[in-house]
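Structural overview
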Amino acid sequence: MTNTYSGSRFVQSALYRILDANLDRAREGLRIIEEWCRFGLDDARLTEECKDLRQELATWHHAELRTARDTPGDAGTELTHPQEAERSSLEQVLQANLCRVEEALRVLEEYGKVYKPPMASACKQMRYRVYTLESQLIAYARHQLLQRSLVYLVTSPGDHLFTAVEASLQGGLTLVQYRDKEADDETRLKNAHKLRQICHQYNALFIMNDRVDLAVAVDADGVHLGQQDMPIALARQLLGSQRIIGRSTHSPEDLEQAMQEGADYVGVGPVYETPTKEGRPAAGLDYVRYAAEYATIPWFAIGGIDTTNLCDVIRAGAERTAVVRAIMQAEQPTLVTQYFLSQLTSRQRERERSKN
């Protein structure tokens, strides 16, 4: 069948047009991704990988393929889809173009087997490289957002779960953990799905408390583990390198162990006694001071922190805080979130000025 098709001038022209269109598509998509790696992420390694892929594709974009191009006669130029007309976030721009490149490379691989088998082999390897690039970009974006997050909302069960979370997101929150020790798995799964959707609408990270299986099931951005939960290494094996793993710590020894085991962030506390951690004595501000001096990963002071004691926690060295009741039980979660963010942002600017 292949010989019959390759002997037809019409089919050869169609083959060349398919290859030309998909080479253009792949190279254009890679350029869009490369621009973000260069100017958005300022990452030379990822930028270089995109550039190398584009240049390798260019070596296969022969003149005979370009000559076969017939844009006026291409029935596909008039086709469009409503989703192509709008992108709600940079994440959607990157995801759409990664898919575009992967699809184009698959087409090039299959039709390249007829045109030039070495081209098909090269496109197959490039497709795997793009899959790796996609994983790296997702992980990079998540960790960048984690670094920028100053306030971490840990939810508590209640009738106003979704409205409180959305109100805090409207106040600028970018990190939410769903925590519910009482609900059954069906309820937790349903709530987690809805919370993840709300968080992603506001370009915020969604973290699942304790349950790695539920984090995978709802495609959460990560999981938060207590001291008695599974080892970080096992969670990493189950979750992969893309997702974030946090760990609760209550002492300098816990902090050192979490950093050695590869946690992406830690909770430091409880700073004050709190019903959320009933029976656990407060770690106090001394532990906050220790974390400020020795922590090498993002850390969030947590435990009984509210608008009345936030400044004390900041003065002890905290640059980020995690809160539960202060936002979840607030009459105006948006305003409370904005207050926390403004205080932490001001402190951050003061420290930056003092370094300069």
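These lines cover the structure that appears in this document, whether it is placed above or below. (Residues numbered from 1 in each chain as written. Predicted model: local features only at pLDDT ≥ 70, side-chain atom pairs only at ≥ 80, totals over all residues. Heavy atoms only, no water.)

**Quick notes on the overall build of the chain**
Inclusion rule: Secondary structure follows DSSP: runs of H or I at least 4 residues long count as helices, runs of E at least 2 residues long count as strands, and numbering of each begins at the N terminus. Exposure classes here rest on a 1.4 Å probe applied to the protein chains alone. A residue is buried below 20% of its type maximum, exposed above 50%, and partly exposed in between. Surface accessibility in these figures is a Shrake-Rupley result with a 1.4 Å probe; residues are shielded only by whichever protein chains are displayed.
Counting its secondary structure elements, the chain contains 15 helices and eight strands. Projected onto its principal axes, the C-alpha positions of the chain cover 80 × 45 × 35 Å. Burial status across the chain gives 45% buried among its 356 residues. Looking at the chain as shown, the accessible area adds up to about 18700 Å², and 48% of this sits on carbon and sulfur atoms.

**Quick notes on the nonpolar core**
This is how it is decided: The term nonpolar core refers to a set of buried residues drawn from Ala, Val, Leu, Ile, Met, Phe, Trp, Tyr and Cys, joined through side-chain atoms within 4.5 Å. We call two residues in contact when some of their heavy atoms are within 4.5 Å.
Formed by 56 residues in total, the largest nonpolar core has its most connected members in Val151, Phe206 and Trp299. Not counting residues up to four positions away in its chain, the partners in contact with Trp299 are Val266, Val268, Val288, Ala291, Ala292, Gly317, Ala318 and Arg320.

**Let's talk about helix α12 (residues 284-294)**
Applicable threshold: This arc corresponds to the set of directions leading from the helix axis out to the C-beta atoms.
Residues Gly284, Tyr287, Val288 and Ala291 constitute the buried set of α12. Along the axis of α12, the buried residues cluster in a sector spanning 110°; they form a single face. Exposed side chains of α12 directed beyond 90 degrees from the buried face belong to Asp286 and Glu293. Looking at the packing, one finds that the buried side of α12 touches β5 (244-249), α11 (252-261), β6 (265-268), β7 (299-302) and α13 (310-315).

**A word on the pairing of β5**
Definition in use: Pairing between strands is defined by DSSP: at least two bridges between the two strands are required. Here, the term right-handed applies to a crossover whose path from the first strand over the helix to the second runs clockwise when the strands point away from the viewer.
Here β5 lies mainly inside the structure; six of its six residues are buried. Burial of the side chains of β5 extends over both faces: Ile244, Gly246 and Ser248 are buried on one face and Ile245, Arg247 and Thr249 on the other. Note: strand β4 (residues 222-225) against β5, four bridges, orientation parallel. Looking at β5, one finds that Val223 is bridged to Ile245. Remark: the β4/helix α10 (residues 232-239)/β5 crossover connection has right-handed handedness. Where β5 and β6 come together, four bridges link them in parallel fashion.

**Some remarks on the side chain of Gln177**
Applied cut-off: Counting of polar contacts relies on pairs of N or O atoms within 3.5 Å, with two restrictions inside protein: one atom must be capable of donating a hydrogen and the other of accepting it, and residues adjacent in sequence are counted only when both atoms are side-chain atoms.
Note that Gln177 resides in strand β2 (residues 175-178). In terms of polar contacts, Gln177 uses its side chain to reach the side chain of Asn209, at 2.7 Å. If we skip the residues at most four places from it in the chain, Gln177 touches Tyr152, Leu153, Val154, Thr155, Ile207, Asn209, His224 and Tyr265.

**Quick notes on the state of the cysteines**
Stated precisely, the cut-off is as follows: Count a disulfide wherever a pair of cysteine sulfur atoms falls within 2.5 Å.
A complete count under the given rule lists zero disulfides for this structure. Cysteine Cys123 is unpaired, with the sulfur of Cys50 as its nearest cysteine sulfur at 16 Å.

**Description of the sheet that holds β7**
For clarity, the threshold we go by: Every angle, taken between N-to-C directions, lies between 0 and 180 degrees, and every axis is a line fitted to C-alpha atoms, over only the stretch in contact when it is a helix.
What the eight strands build is a closed barrel, ordered β1-β2-β3-β4-β5-β6-β7-β8; its pairing is parallel. Adjacent strand axes in the sheet meet at a mean angle of 25°, parallel and antiparallel pairs treated alike. Where α10 meets the sheet, its contacts fall on β4 and β5, and the angle it forms with β5 comes to roughly 160°.

**Thoughts on the packing of helix α2 (residues 9-40) against helix α5 (residues 90-115)**
For any two helices packed against each other, one specifies the crossing angle of their axes together with the interaxial distance. What counts, and what does not: An angle below 35 degrees is treated as roughly parallel, one above 145 as roughly antiparallel, one from 65 to 115 as roughly perpendicular, and anything else as oblique. Here a crossing is taken to be left-handed if its near helix is turned anticlockwise relative to the far helix by less than a right angle, and right-handed if that turn runs clockwise. The residue classification treats Ala, Val, Leu, Ile, Met, Phe, Trp, Tyr, Cys and Pro as nonpolar and Asp, Glu, Lys and Arg as charged. All others, Gly included, are polar.
Two elements in contact, α2 and α5, have axes whose closest approach is 8 Å; the angle formed by their N-to-C orientations is 150°. As judged from the angle between their axes, α2 and α5 are roughly antiparallel. The two elements α2 and α5 cross, and the hand of that crossing is left-handed. Class assignment for the residues of the contact of α2 with α5 results in 21 nonpolar, four polar and three charged.

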